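# What the coordinates show
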Amino acid sequence: MSTTTAHPSAADAAPQSVAAPSAAERPLPVLAVDLVTEPALLGGLAELARDLEQAGVGALTLSDGGLHPIHVAAHLAPLTSSIGLLPRTDAVYVEPFHLATQLMSLDHLSHGRAGWLLRAETDPEVAATVGRTVLDLAATAREAADVLETARLLWDSWAPDAVVRDVASGTYVDAARLQYVDVEAETFSVRGPAITPRSPQGLLPVLLADTDRAAAGERTAERADGRVLDLDLSSGLTIAQAAVRIREALAAVPAPGSSAEGGAVLEDPADSGAAPDAAAVRLVRLVGLDLEADPLGTVAGLTADLRSEGLIAPAPTPGQDLRTRLGLSPAPFRLDPARRSDRARLSREESA
Amino acid sequence: MTTTSPTRHRARAERPLSAEAAALATGPAAHPLHPDHTPTGQLAFGAFFQGVNSSTIWRLPASGDQVAWDSFEALVRTAERGKFAAFFLGEGLRLREHRGVPFELDVAGRPDAQTLLAALAGVTERIGLVATQNTTYNDPVDLARRLQTLDLLSGGRAGWNIVTTDNAWTGENFRRGGYLDHADRYLHAEAFVQVAGQYWRGERIAHDGAHYTVRAQGELPRSAQGSPVLFQAGASPDGQDFAARTADVIFSPHGTLEAAAHFRRSIVERTVAAGRDPAGVKILPGAEIILAATEAEAEEKVRWVRDQQVGPEQAIALLEQYWGRDLSAFDPDGPLPDVPPEVAESGVTRGAGFQFAKAEELTRTWREEATQKGQSILEFARAKAGARRGTFTGSYDTVADRLEEFARLGAIDGLNITPWLIPSGLDDIVDELIPRLQERGVYPSDYAGSTLRENLGLPAV
């Protein structure tokens, strides 16, 4: 993907000169429970989310079971107070502009508890629902990475202080604090800016589950904010086995900047768009839970035990945003002078 | 729908219709406007959180945050306290621009409508949740699924305000770009709505149309109301025909009784021609309500509201929109510019609510109009802004009497009200106007049911 003008990459979010923490110093991963958005879940959805929050679970991931995961996450936001909300949704057979808007809106109404579990769809039937032919693997990966970069540019298209409400000059919003995104990707283009002001976290954390890594491709994996370790409880994983899996995963993470497993060594990290610590395990996701048969027993026990063994992050506290809990630094606003949305006025003034 | 609601207040003895209303009636009391239309005598209100444009005042200390969850939650709670049938959100898919720069003088930027409504569904119980969504720059199955998700999450309270656009400028944010001819936008929208309907009914979709090809399977259960309620604002003849064939609710603004009566006749005829029962198409014009205890105070308040809505900078920008050139050297308190427009078609300002027109002719007409009325640029701009809003103003009692007449004549089925202040802009409507409408027997004292269709008096689907 290219933009019509150069723009800073996500790598600039963290100073490159400062050594990232070693694996041992990394924050502990947040424990998440995966809910599949089946219509049958509707009646007990709010109660279940609150119970999981009470049990100390750090985040919910919403996997697609029919109901739209972003809207289900939004629905749960005012009904919960501290749990993180991460829809797991496709980056390929979507309108990038709509997807970015929906996710940043989720961040607004959850007061900074939103994240995105990115997946790259490979099912021809899903492609056909939007009148497209399924892409091959290389094109799928390219599309996912392009959409991720576009979403971040849109999220970063309003400065935190763009809404000025200056009564004296009659100015509600300052166009000098907005920027176009000017994306010209292989299969789509987006002008921007976003139609939604900057959300509380600025850039939502974007995570990639190991199961979704192959389809999403290397560029997406490098640009993600971290990995998700899945623990499948459907086959009766014990707490001890879960602990071993987490320890192994945390120990296996290479030092930042070196070759990630299966990943290319980055020639110049500052220009690559790679996230500073994309290989870090930030989320441990419990999947395959039978929440009808045993809604809380398994989860509450696991949560308490893994926490007492020091393997997962403390229970979330209200007011703390998801980036902070995941160990990500705040996302600064980066204004690119070439993309400033008042450029037409500036050039008029110059020629005058 | 019957003429009395089960929850209706004790009606006062009905006053005779005013001379104005009586003059508009062409039939007996049961069918005053059209033989195929029976007034329900009832009004339903919607609350339209505009989000973007000059209708919402942002300059006052009481002006709340336009994006914060708290603003939306506070407004929807007030609306539900007032038994409003619907809470309605707008949408524009590109930031409005003026002379190539995002427009800086009005409220701008809002959250995604459906994502927000999915959250509001969790903190409300009865009020309908209506999202404006564009047929040109959405995929029908994706949009249908999101609307059905909202309908299921809310227990059958979802609505969709169907809007179309053909402008390529908005298309710059989307995969297809500007692909649609102006003349085709309603054809496209109709095909889109058909595909959405198939999805909601759980059907296998194999659509090969002029603009897209879709293969999909509806996979979600029906909601408590069957499928989302369809809103439309079509005012042009094509738009009215589209609405008569497709919509459950029409909300284009008609501030005068005469205009509303005329519009009702037009819609009834088009609905009958389309083979539908006219009782299945409700008319809730977009409206602004400015109230006070007395007539004199209300008059004063309208002036004050207009002053807050349209400042000197916005007045100049309004003219620049049509003149197509920099008019910042003109005094807002002086006469309209005596310079010719620089463009043939106004197009320097783009986005929701901005108008396109033949510039030469329009600017000349405006200059004449302002000269005749002795209006300055600022006065003219404020008058123009107000004229677009379908404003009802007066004392609580006057406005209640007037709305009673609209209801009894059957000119409208309710109003879609844009508060001029967020989040407190519905307070006086709920606390002062609605009790008076209830006393007059034209507004429900409680929700008729749990779904939006029930609360609008629409038949189940």
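Residues numbered from 1 in each chain as written. Chains lettered and ligands numbered in written order. Predicted model: local features only at pLDDT ≥ 70, side-chain atom pairs only at ≥ 80, totals over all residues. Heavy atoms only, no water.

When its secondary structure is counted, chain A shows 11 helices and 12 strands. Residues counted as buried form 57% of the 352 residues belonging to chain A. Considering only intrachain contacts with a sequence separation of at least 6, the fraction spanning at least 24 residues in chain A is 79%. Taken as a whole, chain A presents about 13000 Å² of accessible surface, with 53% of it coming from carbon and sulfur. (Helix = DSSP H or I, 4+ residues; strand = E, 2+ residues; numbered from the N terminus. Buried < 20%, exposed > 50% of the residue type's maximum accessible area, 1.4 Å probe, protein only. Contact = heavy atoms within 4.5 Å. Areas by Shrake-Rupley, 256 points an atom, 1.4 Å probe, with all protein chains shown as cover.)

Attention now moves to the environment of B:Val193. Mapped onto the secondary structure, B:Val193 falls in helix H6 (residues 185–200). For the pair formed by B:Val193 and B:Ala247, sequence separation is 54 residues and the distance between their alpha carbons is 9.9 Å.

Let us now look at the side chain of B:Glu288. Turning to its location among the elements, B:Glu288 is positioned in strand E12 (residues 286–292). In this view, B:Glu288 contacts B:Arg306, B:Gln309, B:Arg389, B:Gly390, B:Thr391, B:Phe392, B:Thr418 and B:Trp420; residues no more than four positions away in its chain are not counted.

Residues and elements named next belong to chain B. With domains assigned, chain B is organised as domain 1 (19–293 + 390–455) and domain 2 (303–387). Computed over C-alpha atoms only, the centres of domain 1 and domain 2 are separated by 28 Å. Between domain 1 and domain 2, the residue contacts involve 19 residues of the former and 21 residues of the latter. For the pair domain 1 and domain 2, the two sides together bury roughly 1900 Å², of which 55% comes from carbon and sulfur. (Domains from an automatic or database assignment. Buried area = accessible area lost by both parts, 1.4 Å probe.)

We now examine helix H10 (residues 312–323) of chain B. Residues and elements named next belong to chain B. A rise of 1.5 Å per residue sets the reference length of H10, with its 12 residues, at 16 Å; its end C-alpha atoms lie 17 Å apart and thus fit the reference within 8%. Buried residues of H10: Gln314, Ala315, Ile316, Ala317, Leu318, Leu319, Glu320, Gln321, Tyr322 and Trp323, and no others. Following H10 by one or two positions, Gly324 adopts a phi angle in the positive range, close to 70 degrees. (Expected span 1.5 Å × (residues − 1).)

A regular strand places its side chains on the two faces of the sheet in alternate fashion. All names here are of chain B. Burial of the side chains of strand E2 (residues 86–89) extends over both faces: Ala86 and Phe88 are buried on one face and Phe87 and Leu89 on the other. Where strand E1 (residues 44–49) meets E2, four bridges bridge the pair, whose relative direction is parallel. Note on E2: the bridge partner recorded for Phe49 is Leu89. Following the chain from E1 across helix H2 (residues 69–81) to the adjacent parallel E2, one finds a crossover that is right-handed. Pairing analysis gives four bridges linking E2 to strand E5 (residues 128–134), with the strands arranged parallel. Across the sheet, residue Ala86 finds its bridge partner in E5, namely Gly128. (Pairing = 2+ DSSP bridges. Right-handed = clockwise from strand over helix to strand, strands pointing away.)

A few words on the packing of aromatic side chains. Applying the stated criterion across every chain yields a total of 19 aromatic pairs over all chains. Ring geometry for B:Phe88 and B:Phe251: centres 4.9 Å apart, planes at 65 degrees, overall edge-to-face. Here B:Phe88 is found in strand E2, whereas its partner B:Phe251 is found in the loop between strand E10 (249–250) and helix H8 (257–273), with 163 residues between them in sequence. A relative accessible area of 0% places B:Phe88 in the buried class. Using a relative accessible area of 9% as the deciding quantity, one classes B:Phe251 as buried. Through pairs of rings, three or more aromatic residues link up here, namely A:Phe97, B:Tyr137, B:Phe174 and B:Tyr179. One residue, B:Arg176, lies across the ring of B:Tyr179, its end atom 5.5 Å from the ring centre. (Phe/Tyr/Trp six-rings, centres within 6.5 Å; stacked < 30°, edge-to-face > 60°. Lys NZ or Arg CZ within 6 Å of the ring centre and 35° of its normal.)

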